[in-house]
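Summary of the model geometry
What follows is the residue order along each chain.
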Amino acid sequence: MKQEDFNEIFRDRTKILALQIITLLGELKHSDALGVIRKQLIRSVTATAANFRAVCRARSERERFAKLCIVVEEADETLFWIEMITEAGFISKEKMTESYKEAEEILKVMASYRKKLKG
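These remarks concern the structure in this document.

Reading the values: the criteria
Throughout this description, residue numbers start from 1 for each chain and increase along the sequence as written. Per-residue local features are limited, in this predicted model, to residues with pLDDT of at least 70; the limit for side-chain atom pairs, both in listing and counting, is 80 or more; totals at the level of whole chains, interfaces and linings are taken over all residues. With hydrogens and water excluded, all non-hydrogen atoms of the structure serve as input to the side-chain values. In this text, helices come from DSSP runs of H or I with a minimum length of four residues, and strands from runs of E with a minimum of two, each type numbered from the N-terminal end. To sort residues, take the accessible area from a 1.4 Å probe on protein chains only and compare it with the maximum for the residue type: under 20% means buried, over 50% means exposed, and anything in between is partly exposed. A contact between two residues is defined here by any heavy atoms of the two lying within 4.5 Å. Per-residue accessibility takes into account occlusion by the displayed protein chains alone, with areas from the Shrake-Rupley method and a 1.4 Å probe. Positive: Lys, Arg. Negative: Asp, Glu. His and the chain ends are not part of the count. By convention, the point assigned to a charge is CZ for Arg, NZ for Lys, CD for Glu and CG for Asp. Working definition: rings of Phe, Tyr and Trp (its six-membered ring) pair if their centres are within 6.5 Å, and the pair is stacked with planes under 30 degrees apart, edge-to-face with planes over 60 apart, and tilted otherwise. Inter-axis angles, ranging from 0 to 180 degrees, are taken between N-to-C directions of lines fitted to C-alpha atoms, where helices are fitted over the stretch in contact. Should an angle fall under 35 degrees it is called roughly parallel, over 145 degrees roughly antiparallel, and 65 to 115 degrees roughly perpendicular, with every other angle called oblique. Should the near helix be turned counterclockwise from the far one by less than a right angle, the crossing is left-handed, whereas a clockwise turn marks it as right-handed.

Let's talk about the overall build of the protein chain
Counting secondary structure elements, the protein chain contains 4 helices and 0 strands. Each helix and strand of the protein chain, placed in order from N terminus to C terminus, yields the pattern α-α-α-α. By residue count, 39% of the 119 residues in the protein chain fall in the buried class. Here the analysis covers contacts within the protein chain between residues at least 6 apart in sequence; of these, 74% occur between residues at least 24 apart. Within the structure as shown, the protein chain displays about 7,200 Å² of accessible surface, and the carbon and sulfur contribution to it stands at 53%. Mean positive and mean negative side-chain charge positions of the protein chain (22 and 19 charges, respectively) differ by 4 Å.

Shown next, in the form of C-alpha coordinates:
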(Lines give C-alpha, C1' and ligand atoms only; values in the text may rest on other atoms or scores of the structure.)
Protein backbone atom coordinates (compact mmCIF):
# COMPACT_ATOMS: atom_id res chain seq x y z
CA MET A 1 0.00 0.00 0.00
CA LYS A 2 1.27 3.45 -0.86
CA GLN A 3 1.95 5.86 1.99
CA GLU A 4 -0.61 8.33 0.65
CA ASP A 5 -3.32 5.66 0.69
CA PHE A 6 -2.39 4.58 4.22
CA ASN A 7 -2.50 8.20 5.39
CA GLU A 8 -5.90 8.81 3.83
CA ILE A 9 -7.38 5.64 5.31
CA PHE A 10 -6.18 6.41 8.83
CA ARG A 11 -7.04 10.11 8.65
CA ASP A 12 -10.59 8.98 7.93
CA ARG A 13 -10.66 6.16 10.47
CA THR A 14 -9.37 8.30 13.33
CA LYS A 15 -11.80 11.12 12.52
CA ILE A 16 -14.76 8.74 12.19
CA LEU A 17 -13.90 7.16 15.55
CA ALA A 18 -13.77 10.58 17.18
CA LEU A 19 -17.17 11.51 15.73
CA GLN A 20 -18.69 8.17 16.80
CA ILE A 21 -17.53 8.63 20.38
CA ILE A 22 -18.65 12.27 20.52
CA THR A 23 -22.10 11.19 19.28
CA LEU A 24 -22.38 8.31 21.76
CA LEU A 25 -21.33 10.46 24.70
CA GLY A 26 -23.64 13.29 23.68
CA GLU A 27 -26.60 11.01 24.40
CA LEU A 28 -25.66 10.58 28.08
CA LYS A 29 -27.18 12.59 30.91
CA HIS A 30 -24.89 14.97 32.75
CA SER A 31 -23.20 14.28 36.07
CA ASP A 32 -19.96 15.59 37.55
CA ALA A 33 -18.18 12.23 37.47
CA LEU A 34 -19.35 11.48 33.95
CA GLY A 35 -18.32 14.97 32.85
CA VAL A 36 -14.72 14.32 33.84
CA ILE A 37 -14.53 10.99 32.01
CA ARG A 38 -16.45 12.30 28.98
CA LYS A 39 -14.09 15.27 28.64
CA GLN A 40 -11.00 13.06 28.89
CA LEU A 41 -12.33 10.52 26.40
CA ILE A 42 -13.30 13.16 23.87
CA ARG A 43 -9.95 14.90 24.35
CA SER A 44 -7.93 11.71 23.82
CA VAL A 45 -9.87 10.44 20.80
CA THR A 46 -9.79 13.83 19.05
CA ALA A 47 -6.08 14.18 19.88
CA THR A 48 -5.48 10.81 18.22
CA ALA A 49 -7.14 12.06 15.04
CA ALA A 50 -5.52 15.50 15.08
CA ASN A 51 -2.04 14.18 15.76
CA PHE A 52 -2.32 11.58 13.01
CA ARG A 53 -3.06 14.42 10.62
CA ALA A 54 0.13 16.05 11.89
CA VAL A 55 2.02 12.80 11.21
CA CYS A 56 0.87 13.03 7.59
CA ARG A 57 2.22 16.57 7.27
CA ALA A 58 5.47 16.14 9.16
CA ARG A 59 8.42 18.09 7.76
CA SER A 60 11.00 15.49 8.75
CA GLU A 61 11.28 11.87 9.83
CA ARG A 62 12.07 12.96 13.39
CA GLU A 63 8.95 15.10 13.50
CA ARG A 64 6.89 12.23 12.01
CA PHE A 65 8.21 9.85 14.68
CA ALA A 66 7.54 12.31 17.50
CA LYS A 67 3.96 12.93 16.37
CA LEU A 68 3.39 9.21 15.88
CA CYS A 69 4.49 8.62 19.48
CA ILE A 70 1.76 11.04 20.55
CA VAL A 71 -0.80 9.20 18.41
CA VAL A 72 0.10 5.91 20.09
CA GLU A 73 -0.12 7.47 23.54
CA GLU A 74 -3.48 9.13 22.84
CA ALA A 75 -4.95 5.99 21.24
CA ASP A 76 -3.96 3.99 24.31
CA GLU A 77 -5.47 6.67 26.55
CA THR A 78 -8.68 6.45 24.53
CA LEU A 79 -8.90 2.75 25.36
CA PHE A 80 -8.35 3.54 29.03
CA TRP A 81 -11.19 6.09 29.10
CA ILE A 82 -13.55 3.76 27.24
CA GLU A 83 -12.81 1.14 29.89
CA MET A 84 -13.42 3.69 32.64
CA ILE A 85 -16.74 4.94 31.25
CA THR A 86 -18.08 1.41 30.76
CA GLU A 87 -16.77 -0.05 34.00
CA ALA A 88 -18.21 2.92 35.93
CA GLY A 89 -21.58 2.04 34.40
CA PHE A 90 -22.20 5.30 32.53
CA ILE A 91 -22.65 3.47 29.22
CA SER A 92 -22.96 -0.21 28.39
CA LYS A 93 -20.01 -2.17 27.07
CA GLU A 94 -22.22 -3.27 24.18
CA LYS A 95 -22.69 0.35 23.04
CA MET A 96 -18.93 0.95 23.16
CA THR A 97 -17.77 -2.38 21.69
CA GLU A 98 -17.40 -1.15 18.12
CA SER A 99 -15.56 2.00 19.20
CA TYR A 100 -13.32 0.03 21.54
CA LYS A 101 -12.39 -2.46 18.81
CA GLU A 102 -11.64 0.34 16.35
CA ALA A 103 -9.52 2.23 18.90
CA GLU A 104 -7.66 -0.98 19.68
CA GLU A 105 -7.03 -1.64 15.97
CA ILE A 106 -5.80 1.93 15.44
CA LEU A 107 -3.47 1.56 18.41
CA LYS A 108 -2.03 -1.70 17.07
CA VAL A 109 -1.46 -0.28 13.60
CA MET A 110 0.10 2.95 14.91
CA ALA A 111 2.37 1.08 17.35
CA SER A 112 3.53 -1.13 14.50
CA TYR A 113 4.08 1.92 12.26
CA ARG A 114 6.09 3.58 15.06
CA LYS A 115 8.23 0.45 15.42
CA LYS A 116 8.85 0.45 11.65
CA LEU A 117 9.95 4.11 11.73
CA LYS A 118 12.21 3.52 14.72
CA GLY A 119 13.85 0.43 13.26
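Describing the side chain of Arg-64
Of note, Arg-64 is situated in helix α3 (residues 61-87). Beyond its immediate chain neighbours, meaning those up to four positions away, Arg-64 contacts Val-55, Cys-56, Ala-58, Tyr-113 and Leu-117.

Description of the packing of aromatic side chains
Counted by the stated rule, this structure contains 5 aromatic pairs. Judged by centre distance (6.3 Å) and plane angle (70°), the ring pair of Phe-6 and Phe-52 falls under edge-to-face. You can see Phe-6 sitting in helix α1 (residues 3-26) and its partner Phe-52 sitting in helix α2 (residues 32-56), a full 46 residues away along the chain. A single burial state applies to Phe-6 and to Phe-52, both of which are buried. Geometrically, the ring pair formed by Phe-10 and Phe-52 is edge-to-face, given 6.4 Å between the ring centres and 65° between the ring planes.

Quick notes on the environment of Ala-75
Note on placement: Ala-75 falls in helix α3. Residue Ala-75 is classed as buried on the basis of its relative accessible area, which comes to 3%. Separated by 69 residues in the primary sequence, Ala-75 and Phe-6 place their C-alpha atoms 17 Å from one another. Other than its neighbours up to four places away in sequence, Ala-75 contacts Thr-48 and Leu-107.

Observations regarding the packing of α1 against α2
For the pair α1 and α2, interaxial distance at closest approach is 9 Å and the crossing angle is 165°. The angle between the axes of α1 and α2 places the two elements in the roughly antiparallel class. For the element pair α1 and α2, the recorded crossing hand is left-handed. Where α1 abuts α2, its residues Phe-6, Asn-7, Phe-10, Arg-11, Thr-14, Lys-15, Leu-17, Ala-18, Ile-21, Ile-22, Leu-25 and Gly-26 lie against Arg-38, Leu-41, Ile-42, Val-45, Thr-46, Thr-48, Ala-49, Phe-52, Arg-53 and Cys-56.

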